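Spelled out from the first residue to the last, the chains are:
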Amino acid sequence: MSDTSYNKAIKWLQLHLVKDVGPKTFGTLLVAFGGIDGVLSASVYKLSQIKGISQKKAEFIYNSMRDDSKAKYEYDMAMKLGIKVLTLDDPDYPMLLKDIDDPPHVLYVKGDVTRADNLSVAIVGSRTCSQYGHEQASRFAHLLASAGVTVVSGLARGIDTVAHRGAIAGGGRTFAVQGRGLAGVFPPENADLAEIISANGAVLSELPVNFEPIGSNFPARNRIIAGLSLATIIIEARKRGGALITARLAQEYRREVMAVPGRVDNPCSEGPHALIRDGATLVAGIDDVMEALGSIGDTMKSYAGEKSAKAQQALDMPLFSADDLNLSADERLVFDQIETEPVHIDTIIYKSGRKPGAVNATLTSLQLKGLIRQMPGSFFMRKVNCIADAVG
C-alpha cells in the first residue's frame with residue numbers, strides 16, 4: 001500500500017474508532033466539515049455546533065481523535081490477519097452498499113470484493129431451520145451461484161450457513177457479514193467455513209478487528225447484508241427474528257424482497273408468510289427469482305455483463321444433484337420413476353407401488369425442490385437444466 005493510501009486509512013480509522021460515533025454521526029461530520037481532514041482539524045466548539053453533538057460529546061470526540069496510535073495499531077493488526085480496510089471513498093468499496101442511507105464508512109474485508117459482486121442476492125432465515133428450510137436454502141443458493149450471482153448471508157447457524165455452503169457447492173461466490181470483528185468467527189464452529197468463504201468471496205464487518213459478538217451488533221450487521229444485495233430472500237423466519245429485520249431494511253433501501261413459502265404448521269413459516277401477505281414476492285423456484293430480479297431493470301443490467309460468460313456456462317450444467325438434497329425414501333422412489341421425457345402420473349403410481357395420494361404429495365415436494373416439472377395432462381418430467389428453465 002502506498003503512503004498516501006496508508007495515511008488516508010489511518011485518518012478514517014481515527015474517527016471510526018471513536019466510541020459512539022456511528023455511521024450517521026460519521027456521515028454528518030464528513031458533510032459538515034467537507035471530508036475527513038476537516039473533521040480531524042475541527043475544534044471542540046465547531047464540533048459542538050453539529051446537531052446531536054453536545055459539548056461533552058464534542059470534547060470526547062476531539063480528544064479521542066488526537067492520538068493516532070490506536071488507528072495505527074488497528075490497521076497493523078488487520079494487515080497481519082490478512083484483512084483489508086476499505087473506506088467509503090475507496091474505489092473497491094461495494095457500490096450497492098455505498099448507495100444506502102447509512103453505509104459503514106470503514107469496512108473490514110477478508111477476501112476480495114469485485115465489481116461483478118454487485119449482481120448479488122441475500123439469503124437469510126432462521127437459525128433453527130427445518131429440513132425443508134435446509135433444502136430450500138441449499139437449492140436456491142446453489143442455483144443462484146451457478147448462474148453467476150453472489151450469495152450474501154450472515155454466517156449464522158441454520159439458513160445462513162446452508163446458503164454459504166450451497167453457493168460454494170455451486171462453484172460461485174458468497175459474502176458473509178459478521179456481527180463481530182474479523183479477528184474471530186461467530187459462531188466458532190463456522191471458522192473453517194469462514195476461511196473457505198474468504199477464498200470464494202469475502203467475510204466482511206464494520207466492527208473493529210477484535211470487537212466481540214454482542215446482541216446489539218446484529219441489527220446493524222443486517223443492514224449491511226441488505227445493502228450489499230439487489231434482493232433478499234427469506235427462507236423460514238419467525239416474525240420477530242433478525243431475518244425480518246433484514247427484509248424490512250431491504251424494503252427501506254428500495255431493494256427486492258422475496259420469501260419462500262413453508263409449512264403452515266411450522267412457526268418459522270410465520271415470517272415468510274407475513275412478508276408475502278404484505279407484498280413480498282413469493283418464490284418457489286429459481287425461475288421466480290430470475291423473473292423478480294428482472295424487474296430491477298437497468299441497475300441489474302449494468303452489472304450483468306461481467307457475469308454473462310459464467311451464466312452461459314451454467315446453462316450447460318446438469319441439474320443440481322438430487323443426492324445433495326437429502327431426498328426421503330419416498331421422494332427417491334418416485335423421482336427414480338421420472339425420466340427426462342414426460343411420464344404420466346398413472347405410470348409413476350404403478351411403477352412406484354405407492355398409493356395415489358402419497359405419490360401426489362411426493363410429486364409436489366419434488367417440484368418445490370426444483371427437480372421435476374409438471375406438464376399438461378398430468379405428465380411429469382425431470383428438469384434437465386434449472387437455469388435454462390429459469391431464463392428460457
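Placed above this text is the structure.
Residues numbered from 1 in each chain as written. Predicted model: local features only at pLDDT ≥ 70, side-chain atom pairs only at ≥ 80, totals over all residues. Heavy atoms only, no water.

Novice: What should I look at first to understand the packing of aromatic side chains in this one?
Specialist: Aromatic ring pairs are described here by two measures, namely the spacing of the ring centres and the angle between the planes. Inspection of every chain in the model, using the stated rule, returns three aromatic pairs. On the basis of an interplanar angle of 80° and a centroid distance of 5.2 Å, the ring pair of Y6 and Y75 is categorised as edge-to-face. On the criterion of sequence distance, the pair formed by Y6 in helix α1 (residues 3–16) and Y75 in helix α6 (residues 69–80) is long-range, its members being 69 residues apart. For Y75, a relative accessible area of 4% corresponds to the buried category. Taking the centre distance of 6.1 Å and the plane angle of 50° together, the rings of F186 and F218 count as tilted. A residue pair is termed long-range when its members are at least 10 positions apart, and F186 in the loop between β5 (174–177) and α10 (191–199) and F218 in helix α11 (residues 217–227) qualify at 32 residues. Overall, the relative accessible area of 15% leaves F218 in the buried class. Its end group placed over the ring of F140, R139 keeps NZ or CZ at 4.8 Å from the ring centre. (Phe/Tyr/Trp six-rings, centres within 6.5 Å; stacked < 30°, edge-to-face > 60°. Helix = DSSP H or I, 4+ residues; strand = E, 2+ residues; numbered from the N terminus. Buried < 20%, exposed > 50% of the residue type's maximum accessible area, 1.4 Å probe, protein only. Lys NZ or Arg CZ within 6 Å of the ring centre and 35° of its normal.)

Novice: Quick question: what am I supposed to make of the packing of helix α8 (residues 131–146) against helix α9 (residues 159–169) here?
Specialist: Where α8 meets α9, the closest approach of the two axes is 7 Å, and the angle between their N-to-C directions is 35°. Crossing hand, α8 versus α9: right-handed. Touching G133, H134, A137, S138, A141, H142 and A145 of α8 are I159, V162, A163, G166, A167 and A169, all from α9. (Axes fitted to C-alpha atoms, helices over the stretch in contact; angles between N-to-C directions. Left-handed = near helix turned anticlockwise from the far one by under 90°. Contact = heavy atoms within 4.5 Å.)

Novice: Whenever I open this one, the sheet that holds strand β9 (residues 281–282) confuses me. Can you help?
Specialist: By definition, the strands of a sheet pair up through backbone hydrogen bonds, in either a parallel or an antiparallel sense. Strands sit in the order β1-β2-β6-β5-β4-β3-β7-β8-β9 across an open sheet of nine strands; the sheet is mixed. The open sheet has two edge strands, β1 (84–87) and β9, and neither has a second partner. Note that strand β4 (residues 150–153) and β5 share three bridges and pair parallel. By the bridge assignment for β5, S153 is matched with A176. (Pairing = 2+ DSSP bridges.)

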